[in-house]
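# A structural walkthrough
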Amino acid sequence: MDALRRGAVPESGLDLLATGLGRFEGAIDEELDAVAGGGSVFKAVRGEYGSGKTFFTRWLGERAKRRTFAVAEVQVSETETPLHKLETVYRRLTERLTTVSFPPSALRPVVDAWFYALEEDALADGASETELPQAVDRLLTARLAEVSRHAPAFATALRGYKQSLDAGDEATAAAVMAWLGGQPHVAAAARRSAGVRGDLDHFGAFGFLQGLLTVLRDAGHAGLVLVLDEVETLQRVRSDARDKALNALRQLIDEVHSGRFPGLYLVITGTPAFYDGQQGVQRLAPLAQRLATDFTTDPRFDNPRAVQIRLPGFTEQSLTGLGATIRDLYADGSQSPDRIKQLADDAYLTDLARAVGGALGGRVGVAPRLYLKKLVGDVLDRIDQFPDFDPRTHYKLTVSSGDLTATERNFAAPTPAASADDLDLEL
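Below is a summary of the structure that appears in this document. (Residues numbered from 1 in each chain as written. Predicted model: local features only at pLDDT ≥ 70, side-chain atom pairs only at ≥ 80, totals over all residues. Heavy atoms only, no water.)

### Let's talk about the overall build of the protein chain
To be explicit about the condition: The helix and strand labels rest on DSSP assignments: H or I over at least four residues marks a helix, E over at least two residues marks a strand, and numbering proceeds from the N terminus. We call two residues contacting when some pair of their heavy atoms lies within 4.5 Å. Counted as positive: Lys and Arg. Counted as negative: Asp and Glu. His and the chain ends are not counted at all. Where a charge sits is defined by one atom per residue type, namely NZ (Lys), CZ (Arg), CG (Asp) or CD (Glu).
A tally of helices and strands in the protein chain yields 20 helices and 5 strands. Taken along the three principal axes of its C-alpha coordinates, the protein chain extends 85 × 55 × 40 Å. Of all intrachain contacts in the protein chain linking residues separated by at least 6 positions in sequence, the fraction that spans at least 24 positions is 71%. Averaging the locations of the 48 positively and 59 negatively charged side chains of the protein chain gives two centres separated by 3 Å.

### Some points on the sheet that holds strand β2 (residues 70-75)
Where we set the bar: Think of it this way: DSSP has to see at least two bridges between two strands before they count as a pair. Here an angle of 0 to 180 degrees is reported between the N-to-C directions of two axes, which are lines fitted to C-alpha atoms, with helices fitted over the stretch in contact.
In spatial order, the strands read β2-β3-β4-β1-β5; together these 5 strands make up an open sheet with parallel pairing. The two strands at the open ends of the sheet, each matched to only one other strand, are β2 and β5 (308-310). Adjacent strand axes in the sheet meet at a mean angle of 20° when their direction is disregarded. Sheet topology places strand β3 (residues 224-229) next to strand β4 (residues 264-270); 5 bridges connect them, and they run parallel. The partner of V227 across the bridge, within β4, is V267. Across the sheet, helix α2 (residues 22-36) lies against β1 (41-46), β3, β4 and β5, angled at about 140° from β4, the strand it touches most. Packing against the sheet, helix α4 (residues 86-96) makes contact with β2 and β3, and its axis sits at approximately 130° to β2.

### With respect to the nonpolar core
Short version of the rule: We define the nonpolar core as a collection of buried residues of types Ala, Val, Leu, Ile, Met, Phe, Trp, Tyr and Cys that are connected through side-chain atoms lying within 4.5 Å of one another. Think of it in three bands: residues with accessible area under 20% of the maximum for their type are buried, residues over 50% are exposed, and the middle band is partly exposed, with areas taken using a 1.4 Å probe on protein chains only.
F154, L158 and L228 are the most contacted members of the largest nonpolar core, which totals 75 residues. Top element by residues in this core is helix α11 (residues 202-218). It accounts for 8 residues. Not counting chain neighbours up to four residues away, the residues in contact with L228 comprise V74, V76, L83, V89, L252, L266, V267, I268 and T269. The next biggest cluster of nonpolar side chains, apart from the first, holds 49 residues, and it includes F55, I340, L352 and I383.

### As for the packing of helix α6 (residues 132-143) against helix α8 (residues 152-166)
We apply this condition: Angular relationships are summarised with four words: roughly parallel below 35 degrees, roughly antiparallel beyond 145, roughly perpendicular across 65 to 115, and oblique for the angles in between. Left-handed is the label given to a crossing in which the near helix is rotated counterclockwise from the far helix by less than a right angle, and right-handed is the label when the rotation is clockwise.
Put simply, α6 and α8 touch, their axes get as near as 10 Å, and they point 160° apart. In terms of axis orientation, α6 runs roughly antiparallel to α8. Read as a crossing pair, α6 and α8 show a hand that is right-handed. Seen from α6, the contacting residues are D137, L140 and T141; seen from α8, they are A155, L158 and R159.

### Notes on the packing of aromatic side chains
Stated formally: Only rings of Phe, Tyr and Trp enter the pairing, Trp through its six-membered ring, and a pair is recorded when the two centres are within 6.5 Å. The plane angle decides the type: under 30 degrees is stacked, over 60 is edge-to-face, the rest tilted. When the NZ atom of lysine or the CZ atom of arginine is within 6 Å of a ring's centre and also within 35 degrees of its normal, the charge is said to sit over that ring.
What the rule picks out here adds up to 9 aromatic pairs. Note on F206 and F261: the rings are 6.0 Å apart at their centroids and 20° apart in plane angle, and the pair reads as stacked. With F206 in helix α11 and F261 in the loop between α12 (239-258) and β4, this residue pair connects regions lying 55 residues apart in the sequence. Both residues of the pair, F206 and F261, count as buried. One aromatic cluster is present, formed by Y90, F154, W179 and F208 through successive ring pairs. Over the aromatic face of F115 sits the side chain of K162, whose NZ or CZ is 5.8 Å from the ring centroid.

### A look at the environment of A3
Note that A3 resides in helix α1 (residues 2-5). A C-alpha to C-alpha distance of 9.9 Å links A3 and L372, two positions 369 residues apart in sequence. Dropping the residues within four chain positions of it, A3 is found in contact with A8, V9 and P10.

### A short note on α4
With 9 of 11 residues buried, α4 lies mostly within the body of the structure. Listed in full, the buried residues belonging to α4 are L86, E87, T88, V89, Y90, R91, R92, L93 and T94. Turning to α4, the residues buried within the fold contact β2, α5 (107-124), α8, α9 (170-180), α11 and β3.

### Quick notes on the environment of R242
Here R242 shows up in helix α12. Residues R242 and E78 lie 164 residues apart in sequence; the distance between their C-alpha atoms is 9.4 Å. Leaving out residues up to four positions away in the same chain, R242 has contacts with L234, Q235, V237, Q279 and R283.

### Observations regarding the pairing of β3
What counts, and what does not: With strands facing away from the observer, any crossover in which the path from the first strand over the helix to the second runs clockwise is taken as right-handed.
Judged by how many residues are buried, β3 sits mostly within the fold: 6 of 6 residues are covered. By the alternation rule, side chains of β3 split into L224, L226 and L228 and V225, V227 and D229, which are all buried. In this fold, the crossover linking β3 to β4 by way of α12 has right-handed handedness.

### Digging into the pattern of salt bridges
Filter applied, for reference: We define a salt bridge as a contact between a side-chain nitrogen of Lys or Arg and a carboxyl oxygen of Asp or Glu at a distance within 4 Å.
All chains considered together, the criterion is met by 33 salt bridges. In this structure, the salt-bridge partner of E25 is R63, at a minimum N-O distance of 3.8 Å. Of this pair, E25 sits in helix α2 while R63 sits in helix α3 (residues 53-66), and the two are 38 residues apart along the sequence. Of the residues examined, E25 reaches a relative accessible area of 32% and is grouped as partly exposed.

### Details of the side chain of T172
On the secondary structure map, T172 appears in helix α9. The contacts of T172, once residues within four sequence positions are left out, are S164, A190 and S193.

### Digging into unusual backbone geometry
Cis geometry marks the peptide bond from P104 to S105; its omega dihedral reads -10°. Relative to the helices and strands, S105 is located in the loop between α4 and α5. A positive phi is found at H185, a non-glycine position, where the angle reads about 65°. On the secondary structure map, H185 appears in the loop between α9 and α10 (188-194). At E230, a residue that is not glycine, the phi angle is positive and equals roughly 60°. Judged by its relative accessible area of 35%, E230 falls in the partly exposed class.

### Some details on α11
For clarity, the threshold we go by: A helix's residues, less one, multiplied by 1.5 Å, set its expected span.
The end-to-end C-alpha distance of α11 is 25 Å, a good match for the 24 Å that 17 residues give at a rise of 1.5 Å each. For α11, a buried count of 14 out of 17 residues is recorded, marking the element as mostly surrounded by other parts of the structure. Two residues or fewer after α11 comes G220, characterised by a positive phi angle close to 100°.

Nothing here speaks to function; it is geometry throughout.
What follows is the structure, given as structure tokens:
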């Protein structure tokens, strides 16, 4: 409720709020099962602003965590996380890596769990306590043999990390772990002690991702769900950087489909303009071919197994239904549940949905964030705290520019005049 009050997507408990996602459950669960079995999946999610793309990916992540997946959500950004520099994507991945047991960054707990699993396997194979370090090193070499063909530095750094831990050198161990996570500017002394050099580059990121997937699997995780959110921001970067980013995305998709990344479920999100416009996917024909999906049929018959799926967005009816779900959840934790359900009944929730949609130029489909923020912060909180508050009498919806994101402000702006004849001038 606090997240909704702030106009944000909650980090957890999304199954309680899911509206209209039941149609995707079967296909998503099948794909997660395939990934857990050693496969890999790429999924593209399309939807207009406000259709719930971020909500969908976090809902998917929650389902994945219940199946012991690790999850990482990366915001694509021209300055912070440019897609054409995959080393920055890998770095953000490790910073945002989370599991059902550990919040971000879960990289070090995952690696520690992996070494513990190696020790248990070595002991089960008959290694004595004195032979354990050598037995663990042999297992490390065997498990990362495929990874070492492309990124030998990954296995070398893991050895260096373990050696620093065994020697009680926490500072060096932490520095080596940072280097494994793709962080730049790690102290040269720490890199020398681990036997690695330089910083991770674009091409090395593929090998490191492959290594991370191996470590996750051996540490008891079913795989990794990696979300690249807001990929449509590529449309706003310089043309040369945009072309490099689109090609990097094409390369990443090809690697997923080739089977190089067993245990990876890769998701990107974007607007229809990104997928269909000449400044986005259509700019690179091979990428457009890989993402091509037929959306000419009735949305009811969209294929949830397709490489690209679309979120239809909210209608007045579905927005009211979501409001009713939020109201009932709020009432369950309130001291006055009956009064909340009485004053914020379904008819009022519909009126509020119409008012919020009207404030955004009649675009109900882009209203969920603002609608829920107003419902929780301005209506339900007041009903809960003030016995004499009646939203129909004491509350009139007001929407200031401070309530809106830049995109919402565009929707709220008056429709521009089509010609000079449409302008009313005071003479």
